[in-house]
Amino acid sequence: MRVLLVGAGGVGTAVTRIAARRPFFDLMVVADYDRARAEAAVAAVGDDRFRAERVDAGDEAAVAALLARHGCDVLLNATDPRFVMPLFRAARKAGTDYLDMAMSLSRPHPGLPYEECGVKLGDEQFALAGEWEQAGALALVGMGVEPGLSDVFARHAADELFDGIEEIGIRDGANLTVDGYDFAPSFSIWTTIEECLNPPVVYERERGWFTTAPFSEPELFDFPDGIGPVECVNVEHEEVLLVPRWVDARRVTFKYGLGREFIETLKTLHLLGLDRTAPVTVPGAEGPVEVSPRDVVAASLPDPATLGERMRGKTCAGTWVRGVKDGQPREVYLYHVVDNEWSMAEYGCQAVVWQTALNPVVALELLATGAWSGSGVLGPEAFPARPFLDLLTEYGSPWGLREQ
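So, here is what we can say about the structure in this document.

Next up on the list: the nonpolar core. Of all hydrophobic cores here, the largest spans 90 residues; its most connected members are Met28, Val30, Leu140, Ile168, Leu258, Trp372 and Phe388. If you tally residues by element for this core, the top one is helix H13 (residues 351–369), at eleven residues. The contacts of methionine 28, once residues within four sequence positions are left out, are Val3, Leu5, Val15, Ala19, Arg49, Phe50 and Arg51. Core analysis: the next-biggest nonpolar cluster, separate from the first, contains 28 residues, Ala57, Cys72, Ala90 and Val141 among them.

Here is the structure:
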């Protein structure tokens, strides 16, 4: 397998360090807008299967040419969601497979944003599913940790743990702290603003997909491995759009353990208009310039990839499932916990980016060996879960199951 990895930030760098320990690929081209960042990621692994390149992720022709020049079989997208569609189209143009960890962006309903869906996450990609299927090519979408591993857990629950499922709820929580910072998100603030301030989507079998207000339906969820109770709220996320396509459940939700202080900060950013992506005009040394308020916020905060030495605690991604097994009610939580101290010592990567990066590498290996195969635009739920979960354990990062 020959892979083009686009994006050499925190997640992309973690991908290289995880993949370097596995033999399933012949070449991984690491490409970034900042060539020095790609070169640093390659130099750190000291493996001649890796090569650095510069590419603009928004330039479809340049990405397609890079795929062709290196004879790549698959494009792995480790950029932020703004670049999903150009990279998705570039892979289709080049005739390669494609894999991402976040899907094409949503747009709220123009009149009823907190009741009805507008353009949903992934809609632009699924609209082109026929082209991919006709070409016999695969776009595996939403294959990070959440979405990604959480979706694999949903498929595993349907296949092996339940006869009928009433509700699937993704629940994400952590007890991470960052020394020296009052506010320092452990993941991209650009993406965090996007998913937290957009109208959350809920799925119900009788109603289909609909939206609620941001931070709605708070609940206290007890996370395992010493993390403990964390208040979780509804957040827009891909699992709610993916799971119902392949797994039969009456209700699907995603709730994120943000914490009251984090929620209030996001609300303030929204109140001030600092979550906007459309450029505004500001004075500059050489005259007026246009800048995106959200980009300014992101530039003002520390890069999450650099916070590992200051971070303490654990992060947990998981899927809570309620239903029936052998005629009896059952409720379980399938989860994956990463301790930041361990991920820093073992890989030199902070826990959140490492946990995100792990799962696409596992998926690439399953595709390389033929354990997973398919064509079209498919989510993780479209594939058998057991091979993924077994290989995840082989990678040295086992998952857990707790009866509720």
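What follows concerns the pattern of salt bridges. Summed over the entire model, instances satisfying the criterion amount to 32 salt bridges. For the salt bridge of lysine 325 with aspartate 163, the shortest nitrogen-to-oxygen distance reads 3.6 Å. One end of the pair, lysine 325, is in strand E17 (residues 314–325); the other, aspartate 163, is in the loop between helix H7 (149–161) and strand E7 (164–174), and 162 residues separate them in sequence. Notably, a salt bridge pairs arginine 312 with aspartate 179, separated by 3.1 Å at the nearest N-O pair. On the criterion of sequence distance, the pair formed by arginine 312 in strand E16 (residues 311–312) and aspartate 179 in the loop between strand E8 (177–178) and helix H8 (189–197) is long-range, its members being 133 residues apart. Overall, the relative accessible area of 42% leaves arginine 312 in the partly exposed class.

A separate point is the environment of leucine 241. Within the secondary structure layout, leucine 241 lies in helix H9 (residues 238–246). Each C-alpha atom of the pair leucine 241 and valine 296 lies 30 Å from the other, and the pair is 55 residues apart in sequence. Beyond its immediate sequence surroundings of up to four residues, leucine 241 is in contact with Lys120, Leu121, Val201 and Trp209.

As enumerated under the stated definition, the model contains 18 aromatic pairs in all. Their ring planes at 90° and their centres at 5.4 Å tell us that phenylalanine 88 and tyrosine 98 sit as a pair that is edge-to-face. Of this pair, phenylalanine 88 sits in helix H4 (residues 84–94) while tyrosine 98 sits in strand E5 (residues 97–100); the two residues are ten residues apart in sequence, bridging distant segments of the chain. Judged on exposure class, the residue phenylalanine 88 and its partner tyrosine 98 are both buried. Here the aromatic residues Phe221, Phe223, Tyr333 and Tyr335 are joined through ring pairs into a cluster of three or more. Taking the ring centre of phenylalanine 210 as reference, the NZ or CZ of arginine 207 above it sits at 3.7 Å. Note that arginine 245 overlies the ring of phenylalanine 126, its terminal NZ or CZ placed 3.8 Å from the centroid.

Below, the discussion takes up the pairing of strand E4 (residues 74–77). Look at any regular strand and the pattern is simple: side chains alternate between the two faces of the sheet. Residues Val74 and Leu76 of E4 are buried on one face, and the alternating residues Leu75 and Asn77, pointing to the opposite face, are buried as well. One ladder, built from four bridges, connects strand E1 (residues 2–6) with E4; its direction is parallel. Its bridge partner being in E4, leucine 5 is matched across the sheet by leucine 76. Bridge count for E4 against E5 is four bridges, and the pairing is parallel. What sits directly across from leucine 76, in E5, is leucine 99. One crossover worth recording links E4 to the parallel E5 by way of H4, and it is right-handed.

On to the sheet that holds E4, then. Read across the open sheet, the seven strands follow the order E3-E2-E1-E4-E5-E6-E19; overall the sheet is parallel. Strands at the two margins of the open sheet, each flanked by one partner only, are strand E3 (50–54) and strand E19 (376–378). Each adjacent strand pair in this sheet contributes to an overall mean axis angle of 20°, direction not counted. Bridge analysis of strand E2 (residues 27–32) against E3 gives five bridges, and the strand direction is parallel. The residue bridging valine 30 from the neighbouring strand is alanine 52, located in E3.

This next bit is on the side chain of arginine 49. Locating arginine 49 in the fold gives a position in the loop between helix H2 (35–45) and E3. Polar side-chain contacts of arginine 49 include one of 3.1 Å to the backbone oxygen of alanine 20. Of note is the side chain of arginine 49, whose polar atom sits 3.3 Å from the backbone oxygen of phenylalanine 25. The residues contacting arginine 49, other than those within four sequence positions of it, are Ala19, Ala20, Arg22, Pro23, Phe25, Asp26, Leu27 and Met28.

Enumeration over the complete set of coordinates arrives at one cavity of 30 Å³ or more. In this structure, the largest cavity encloses a volume near 80 Å³. Taken together, 13 residues make up the lining of the largest cavity; nearest its centre are Ser106, Gly118, Val119, Thr211 and Glu236. Of the residues that constitute the lining of the largest cavity, the class distribution is five nonpolar, four polar and four charged.

Before going further, it helps to spend a moment on unusual backbone geometry. Across residues other than glycine, the phi torsion is negative in most instances, and most of the peptide bonds are trans. Following glutamate 146, the chain continues into proline 147 via a peptide bond in cis, with omega recorded as 0°. For proline 147, the position within the fold is in the loop between strand E6 (138–140) and H7. Here the phi dihedral of glutamate 217 falls at roughly 50°; this positive angle occurs in a residue that is not glycine. Here aspartate 225, not a glycine, exhibits a phi torsion of approximately 55°, which is positive.

Here is what the cut-offs are and how they apply
Residues numbered from 1 in each chain as written. Predicted model: local features only at pLDDT ≥ 70, side-chain atom pairs only at ≥ 80, totals over all residues. Heavy atoms only, no water. Core = buried A, V, L, I, M, F, W, Y, C linked by side-chain atoms within 4.5 Å. Buried < 20%, exposed > 50% of the residue type's maximum accessible area, 1.4 Å probe, protein only. Helix = DSSP H or I, 4+ residues; strand = E, 2+ residues; numbered from the N terminus. Contact = heavy atoms within 4.5 Å. Salt bridge = Lys/Arg side-chain N within 4 Å of Asp/Glu carboxyl O. Phe/Tyr/Trp six-rings, centres within 6.5 Å; stacked < 30°, edge-to-face > 60°. Lys NZ or Arg CZ within 6 Å of the ring centre and 35° of its normal. Pairing = 2+ DSSP bridges. Right-handed = clockwise from strand over helix to strand, strands pointing away. Axes fitted to C-alpha atoms, helices over the stretch in contact; angles between N-to-C directions. Polar contact = N/O pair within 3.5 Å; in protein donor to acceptor, adjacent residues only side chain to side chain. 1 Å grid on protein atoms, 1.4 Å probe; cavity = no way out; pocket = protein on both sides within 12 Å on 5 of 7 lines; lining within 4 Å. Points joined across faces, edges and corners; volume = space filled by probe spheres on them. Nonpolar A, V, L, I, M, F, W, Y, C, P; charged D, E, K, R; others polar.

Purely geometric numbers; function is a separate question.
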